[in-house]
Amino acid sequence: MTPYVVFDETSGEAKRWGRCPTDDVPRQAFYPGEVVHALEADVDPLNIPTLSDMDTQ
């Protein structure tokens, strides 16, 4: 399972989290104005509240 975070493109705040059963997080399944980032399997998505926090992981 690949964890991912969906961020608001404007504010950079995390909107929701999830896990994708495959390594291919379906970017086309999200709405305009959202940014999706797949994470390493051992990273807890709840530890990344904003888009700028992605740089620290």
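These numbers come from a predicted model, not from an experiment.

> Please clarify how the sheet that holds strand β3 (residues 34-38) should be interpreted in this entry.
Pairing between the strands of a sheet comes from backbone hydrogen bonds, and it takes one of two forms, parallel or antiparallel. Within the open sheet, the three strands sit side by side as β2-β1-β3. Their pairing is antiparallel. Of all strands in the sheet, those bounded by a partner on one side alone are β2 (14-20) and β3. When strand polarity is set aside, the average angle formed by the axes of neighbouring strands in this sheet is 20°.

> I tried to follow the nonpolar core on my own but got confused; where do I start?
Nonpolar side chains in soluble globular proteins tend to be buried together. Membership of the largest hydrophobic core is limited to seven residues, which are V5, F7, A14, L39, V43, I48 and M54. Discounting chain neighbours no more than four positions away, the residues touching L39 are T2, P3, Y4, V5, P45, I48 and M54. Of all hydrophobic cores here, the second largest spans six residues; its members include V6, C20, V25 and V36.

> What is the right way to look at the confidence of the model for the chain in this model?
Low-confidence regions, as indicated by low pLDDT, have predicted coordinates that should not be scrutinised in detail. The share of residues in the chain with pLDDT of 70 or more is 88%, and the mean pLDDT across the chain is 83. Taking the mean pLDDT of every element in the chain, the minimum, 88, falls on β3 and the maximum, 90, on strand β1 (residues 2-8).

> Sorry, what's going on with the side chain of T2 here?
Looking at where T2 falls in the secondary structure, it is placed in strand β1. Apart from residues no more than four positions distant in its own chain, T2 is found in contact with G18, R19, C20, T22, D23, V25, A38 and L39.

> Whenever I open this one, the pairing of β2 confuses me. Can you help?
Along any regular strand, the residues point their side chains to alternate faces of the sheet. One ladder, built from six bridges, connects β1 with β2; its direction is antiparallel. Considered in β2, the bridge of F7 is made with A14.

> Just to check I follow, could you spell out the pattern of salt bridges for this structure?
When the charged atoms of two side chains with opposite charge come close together, those side chains can pair. The tally for this structure, following the rule as stated, stands at two salt bridges. Of the charged contacts, one joins E34 and K15 as a salt bridge, the two residues approaching to 2.8 Å between their closest N and O atoms. With a gap of 19 residues between them, E34 in strand β3 and K15 in strand β2 connect regions that are remote in the sequence. Assessed through its relative accessible area of 42%, K15 is described here as partly exposed. Between E34 and R16 there is a salt bridge, and its shortest N-O distance comes to 3.1 Å. Placement of the pair is E34 in strand β3 and R16 in strand β2, with a sequence separation of 18 residues.

Calculation notes
- Residues numbered from 1 in each chain as written.
- Predicted model: local features only at pLDDT ≥ 70, side-chain atom pairs only at ≥ 80, totals over all residues.
- Heavy atoms only, no water.
- Pairing = 2+ DSSP bridges.
- Helix = DSSP H or I, 4+ residues; strand = E, 2+ residues; numbered from the N terminus.
- Axes fitted to C-alpha atoms, helices over the stretch in contact; angles between N-to-C directions.
- Core = buried A, V, L, I, M, F, W, Y, C linked by side-chain atoms within 4.5 Å.
- Buried < 20%, exposed > 50% of the residue type's maximum accessible area, 1.4 Å probe, protein only.
- Contact = heavy atoms within 4.5 Å.
- pLDDT = per-residue confidence, 0-100.
- Salt bridge = Lys/Arg side-chain N within 4 Å of Asp/Glu carboxyl O.

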